[in-house]
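Here is what each chain is made of, one letter per residue.
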Amino acid sequence: MFGLGKPAGQQELGTSGGLPKMASVGDFNVLSSSIPATKVELSVSCRNLLDRDTFSKSDPICVLYTQAIGNKEWREFGRTEVIDNTLNPDFVRKFIMDYFFEERENLRFDFYDVDSKSPNLSKHDFLGQMFCTLGEIVGSQGSRLEKSIVGIPGKKCGTVIVTAEELGCCRDSVLMQFCANKLDKKDFFGKSDPFLVFHRSNEDGSFTICHKTEVVKNTLNPVWQAFKISVRALCNGDYDRTIKVEVYDWDRDGSHDFIGEFTTSYRELSRGQSQFNVYEVINPKKKGKKKKYVNSGTVTLLSFLIETEVSFLDYIKGGTQINFTVAIDFTASNGNPLQPTSLHYMSPYQLNAYGMALRAVGEIIQDYDSDKMFPALGFGARLPPDGRVSHEFALNGNPQNPYCHGIDGVMEAYYRSLKSVQLYGPTNFAPVINHVARYAASVKDGSQYFVLLIITDGVISDMAQTKESIVNASKLPMSIIIVGVGPAEFDAMEELDGDVVRISSRGRFAERDIVQFVPFRDYIDRSGNHVLSMARLAKDVLAEIPEQFLSYMRVRGIKPSPAPPPYTPPVHVLQTQI
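Conventions we followed
Numbering of residues starts from 1 in each chain and follows the order in which that chain's sequence is written. In keeping with the predicted nature of the model, local features appear solely for residues at pLDDT of at least 70, side-chain atom pairs appear and are counted solely at 80 or more, and the whole-chain, interface and lining totals rest on all residues. Side-chain calculation: all heavy atoms of the structure are included, whereas hydrogens and water are not. UniProt positions are given in the numbering used here, feature names are shortened, and annotations may be inferred rather than shown by experiment. Any residue with an atom within 4 Å of a point lines the site, the site being either a cavity, points on a 1 Å grid over the protein atoms alone where a 1.4 Å probe fits but cannot get out, or a pocket, an open set with protein on both sides within 12 Å along at least 5 of 7 lines. Grid points are joined across faces, edges and corners, and a volume is the space filled by probe spheres set on the points. Gly is placed with the polar residues, together with every amino acid not listed as nonpolar (Ala, Val, Leu, Ile, Met, Phe, Trp, Tyr, Cys and Pro) or charged (Asp, Glu, Lys and Arg). Note: domain ranges come from an automatic or database domain assignment. Any two strands with at least two DSSP-identified bridges between them are counted as paired. Here a helix means four or more residues in a row that DSSP labels H or I, a strand means two or more in a row labelled E, and each is numbered from the N terminus. Only the stretch in contact is used when fitting a helix axis, every axis being a line fitted to C-alpha atoms; angles between N-to-C directions are given from 0 to 180 degrees. Burial classification: accessible surface area is computed with a 1.4 Å probe over protein chains only, and a residue below 20% of its type maximum counts as buried, one above 50% as exposed, and the rest as partly exposed.

- The name given to the protein chain in an unreviewed UniProt entry is Copine-8, and the organism recorded there is Setophaga kirtlandii.
- As its UniProt record puts it under Sequence similarities (unreviewed entry), the protein chain is described as follows: "Belongs to the copine family."

Dropping the structure here:
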């Protein structure tokens, strides 16, 4: 994982890794083959570490730990080299991590002063630690996070600087085209109907399907259309990893006949059209049975073109902020908040469904918003003092300034509102969508992107107006997440989520798909592990945000701003007294 030589005067202590899973031809689904959105490389530096050595300075090492989702246990991810005799180390060895926008990856950096060759950390002096999330590092200005080291009471332990850099291979895509010659004839009445299936190999020797071509009917010499695939999906960024290509004859009943297979690698394919990229298609069964068997045809690479795409992280690193707004349903159908059956019930022991949905999504998005001030709105309630019904009120009671500090501030304002407003109705979404759209319309330069989270228990009352609002908002830098809580039928919501049919209003279609709807009940962990329920919910509702974000930037032709110049640690100049 860390392919770096170590400079002189530095020593090593051990590390560990994990394995992906395999899939078969029949169940191929691009979304289920969970490839990391991208890989980032973390560089670690420290300033003013504690000095634990009597006659010289400390000899520091950094150990990184990660936490599994829904599990409090910390697991060692890796270690840097040891740097002798310094309180200001710039570690050379990097940590390379998978990055998913939609997952909260908790990290812990521990620092030790190494006193011997033992890999056992308890044999070395603890210098302190720093906790953060991967999103916090990536979302900091220039993807550079500086934080105090803590963990030793009463002592100043110095600071740590962690910088994240997206790996180049993650943003490359390739455009490839293949043809075949003299494939085996598999059909009784005609020629074969061939198609190709590409698999990338995993660390454990298994294979994961990553692309299927279209079927070319009735030919033994097909030319397939050119297709584009990310280098990540093709080989997970490893240019020498085996890529297996299978050739099948398509059958209407799904029992496709295997013609043969060949293997290659990204490095071989990148030579382009040449004698190296003509492959014999081999059927191992036939080869074993027939002495005179040569091959079942050949497949030739016709073209290979690398394209580098701008990524979501390019914009974040360039300073684009993601603004998060939450809107909560205060309609009477939620039930009396004082009753345990209510969806708004405030139990002293656990979060209600609204609180869980809010925390699950908010705690991830907050890492990408530097001021951590979030507008929090309510709809469907009667407000004091006069009982007027509002579909766009500030949870903190201040319509001029509906901002709350951090997700904790939003939760506090939500609980306060429950005590002061009267749940009423109807369930209107358009006012809160238009509220965020007004802000989004004022910044179309790519410096800000808006995400509105609507949490609701039910059936929408203003469908026509909401569709109109969404169609208008699809031209703006914003996305809408709707989480349905409780047992209601949410059929109407599926219509707003334009995955199947693009949403339209009065003959106008939405420019982009900007709505993601999910019912929270689909994510509840049966064993009652709320952390797991929240992680599953966040993963699903946030997974589409980077692509929705990029689709806006592409349509508008907005390029990422250049990142601030990289951090160069100050050089300590020794002054000599004359």
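1. A word on empty space enclosed by the protein
And then number 1: In total, this model carries two cavities of 30 Å³ or more according to the counting rule given.
And then number 2: Considering only enclosed or pocket space, the largest cavity measures out at about 60 Å³ in volume.
And then number 3: What lines the largest cavity is simply Tyr99, Phe100, Phe101, Glu103, Arg104, Glu105, Thr133, Leu134, Gly135, Ile364, Asp367 and Tyr368.
And then number 4: Considering only residue class, the lining of the largest cavity consists of six nonpolar, two polar and four charged.
And then number 5: No fewer than three residues from each of domain 1 (38-167) and domain 3 (324-555) sit in the lining of the largest cavity.

2. Here's the deal with the sheet that holds strand β4 (residues 74-79)
And then number 1: As summarised here, the arrangement of the four strands in space is β4-β3-β7-β8, forming an open sheet in which the pairing is antiparallel. Edge positions in the open sheet fall to β4 and β8 (125-133), since each of these has one partner strand only. Strand-to-strand twist across the sheet, computed as the mean angle between neighbouring axes with direction ignored, equals 25°.
And then number 2: In the sheet, strand β3 (residues 60-67) pairs with strand β7 (residues 106-113) via seven bridges, with the strands oriented antiparallel. Counterpart to Val63 in the pairing with β7 is Asp110.

3. Thoughts on unusual backbone geometry
And then number 1: A cis amide bond, omega 0°, links Pro384 with the succeeding residue Pro385.
And then number 2: Within the element layout of this structure, Pro385 appears in the loop between β21 (381-383) and β22 (388-390).
And then number 3: Put simply, Gly425 and Pro426 share a cis peptide bond, and its omega is -5°.
And then number 4: Its identity is not glycine, yet Ser143 carries a phi of approximately 50°, on the positive side.
And then number 5: Relative to the elements of secondary structure, Ser143 occurs in the loop between α1 (134-139) and β9 (144-148).
And then number 6: Judged by relative accessible area, which is 4%, Ser143 ranks as buried.
And then number 7: A positive phi is found at Asn218, a non-glycine position, where the angle reads about 55°.
And then number 8: Since its relative accessible area comes to 47%, Asn218 is described here as partly exposed.

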